[in-house]
Amino acid sequence: MSATSCLLTEDQCLCSICLDVFTDPVSTPCGHNFCKACISQHWDRNVPSQCPNCKKVFNIKPELRVNTFISEMAAQFRQSAQQKASSSSSEQHVVKPEEAPCDACTGTRLKALKSCLVCLESYCETHLEPHLTRAGLKKHQLIDPEENLESRMCVKHDKLLELFCKTDQVCVCMLCTVLDHKTHDVVPLKEGYEGKKAELGKTEAETQQMIQKRRLKIQEMNRSVELSKEGADREMADGVQVFTTLKESVERSQAELMDTIKEKQRETEEQAEGFIKELEQEVSELKKRSSEVEQLSRSEDQFHLLQSFTSLNAAPPTKNWTEVRVRPPAYEGTVGRAVTQLEETLRKQMKKLLEVELKRVQQSEVELKRVQQSEVELKRVQQSEVEVTLDLDTAHPNLILSDDGKQVKLGDVRKNLPNNPERFDYCPCVLAKQSFSTGRCYHEVQVEGKTQWTLGVARESINRKGQISLSPQKGYWMIWLRNENEYSACAGPPVRLSLKSQPQKVGVFVDYKEGLVSFYDVDAAALIYSFTGCCFREKLYPLFGPCNKDGGENSAPLIISPVNHTE
């Protein structure tokens, strides 16, 4: 028996329906072997009875009997396969709850590697082998493991859903196309898939554009909030300054009023004190005379009285106080005059404030007009949009370009590329494939996430080898960013640029005839810098320099972006 089994290959012991070793093998009149249950179920589903291998039709369903010889051979191969599966199960993955199991495994079920859309079963590495080696099974369509393969069968006709009805937007089988979907637009599943894939790509592009518009709107609103806060802070500062000045004026006027009143009161008190002092002095002199008179009048010495009386006739000098008055100062009008003076001070302050406010409004109007003009100018130059893609033949060997030629960044490995005359070999730059020698051209480059970059245009005859000096005299009209916020125009010597915000997308505009190269902050609709009065005599090429990685901070690519034409 064992000698005979050596003459049979493993393929000969596999049922072509279940792709497993025969169970109760039977032979059809045409000489092909199948599991009894497999061929019986196949004929129950398909009328008339037909051999799955050679397609021979049997008008009368043949009576099948188990082939004992093949059955014994199959038993030996099954045992051998189980031993092989057992020995290799440690190397294969046992199926987890969330994974699709192999439908051919007996005992411990292993993780399926692929599912067959023809057999409607999933297979592990061992049981997948016939699909990879047998000519007939190689034509079967394999997909990533799917546990619920029954969902790919038509519930009405028990056939594979291999077509797509574009009319009803559902997957259908072959019988559906001649019955329920007879007049409908039906295409192969692959064609339907590719169509939907294209629609999804278009939807994704539209969604990304909507996202970009909303991001721009968010930036616009954030900028409005920032401007509002700046205005509020400025107004509060001015308000505090004005009212502080007014408060100081009121306090100063109040202090001056108090000082005036106190000064008048002091003068009155000093005058009264002087008069009182004189009066008290006279009272003292008069009291002294009165004492002398009284003493003399009590004398009984006639001679003494007569002798002394003569000296009493000279009375001490005194002042006529009849008309002397201490008149309280006139305070009436003092407060009124102080208030009038304060009103004059407030009027001057209000006039000054209104002049400052008017000047600010005028400046705001000028700024608004400038912004509106910038937006109109940007929309105008955007009408000159041209297609721009990167030229691999000019790229520095360390640069990495995307397949569509729209992105470039610096890599870590220097590629072994031919050192043709067009290629930059020292500066990490790349030119565009397109050149311009007439008219106007405009393109936009996304620089978001970068801390350094170089952008502009260059003439065809520029030096591309060794260290390069970027200046119009050398054929370069460029601007760059260095150290995150240091923007400069490479005008030789460089011109330091002061920008209100960091551009996330830069627009590059060239008017060849007018000799103009302008750079725009697209999101802010603001002009960054212009080279004017240029004299172009050669072709001009857009130039892109992603610069070094800056310790990983500058790893983002430069991206040539489509222009978003907004109304």
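Fair warning: this is a prediction, and the values are worked out from it, not measured in the lab.

What counts and how
- Residues numbered from 1 in each chain as written.
- Predicted model: local features only at pLDDT ≥ 70, side-chain atom pairs only at ≥ 80, totals over all residues.
- Heavy atoms only, no water.
- Helix = DSSP H or I, 4+ residues; strand = E, 2+ residues; numbered from the N terminus.
- Rg over C-alpha atoms; globule rule 2.2 N^0.38 Å.
- Buried < 20%, exposed > 50% of the residue type's maximum accessible area, 1.4 Å probe, protein only.
- Contact = heavy atoms within 4.5 Å.
- Areas by Shrake-Rupley, 256 points an atom, 1.4 Å probe, with all protein chains shown as cover.
- Pairing = 2+ DSSP bridges.
- Axes fitted to C-alpha atoms, helices over the stretch in contact; angles between N-to-C directions.
- Phe/Tyr/Trp six-rings, centres within 6.5 Å; stacked < 30°, edge-to-face > 60°.
- Lys NZ or Arg CZ within 6 Å of the ring centre and 35° of its normal.
- Salt bridge = Lys/Arg side-chain N within 4 Å of Asp/Glu carboxyl O.

K.L.:
Looking at this structure, I do not really get the overall build of the protein chain. What am I missing?
P.N.:
The helix and strand inventory of the protein chain stands at nine helices and 23 strands. Over its C-alpha atoms the protein chain spans a radius of gyration of 53 Å, topping by over 25% the 24 Å that the globule rule assigns to 567 residues. In terms of overall dimensions, the protein chain has a C-alpha envelope of 195 × 70 × 55 Å along the principal axes. Taking all 567 residues of the protein chain together, the buried fraction comes to 33%. The long-range share in the protein chain, meaning contacts at least 24 apart out of those at least 6 apart in sequence, stands at 58%. A total accessible area of about 36100 Å² is found for the protein chain, and carbon and sulfur atoms account for 52% of it.

K.L.:
Even after reading the chapter, I still don't get the sheet that holds strand β9 (residues 170–172), so can you show me in this structure?
P.N.:
Sheet strands associate in pairs through backbone hydrogen bonding, adopting either a parallel or an antiparallel arrangement. Pairing in this open sheet of three strands is antiparallel, and the strands run β9-β8-β10 from one edge to the other. Two strands close off the open sheet at either side, each with one partner strand: β9 and β10 (186–188). Neighbour-to-neighbour, the strand axes of the sheet open up by a mean angle of 35°, direction not taken into account. Direction of pairing for strand β8 (residues 163–165) relative to β10: antiparallel, over a ladder of three bridges. Of the residues in β10, the one forming a bridge with Leu163 is Pro188. On the sheet, helix α7 (residues 189–297) packs against β8, β9 and β10 and is oriented at approximately 95° with respect to β10.

K.L.:
It is not clear to me how the packing of aromatic side chains should be interpreted in this structure. Could you clarify?
P.N.:
When we look at a pair of aromatic rings, we describe it by the centre distance and by the angle of the planes. Applying the stated criterion across every chain yields a total of seven aromatic pairs. Aromatic side chains Tyr529 and Phe531 sit 5.0 Å apart centroid to centroid with 80° between the ring planes, which places their arrangement in the edge-to-face category. On the basis of relative accessibility, which here comes to 6%, the residue Phe531 falls in the buried class. Put simply, the rings of Trp477, Tyr512 and Phe536 touch in pairs and so form one group of aromatic residues. Positioned above the aromatic ring of Trp321 is the side chain of Lys319, whose terminal nitrogen or guanidinium carbon lies 4.7 Å from the ring centre.

K.L.:
Teacher, can you tell me more about the pattern of salt bridges here?
P.N.:
Working definition: two side chains of opposite charge can pair if their charged atoms are close together. Scanning the entire structure with this criterion turns up 19 salt bridges. The partner of Lys196 in a salt bridge is Glu199, and the shortest N-O contact between them spans 3.7 Å. Placement of both Lys196 and Glu199 in helix α7 is noted, with a separation of three residues, approximately one turn of the helix. Exposure remark for Lys196: the relative accessible area of 29% places this residue in the partly exposed category.

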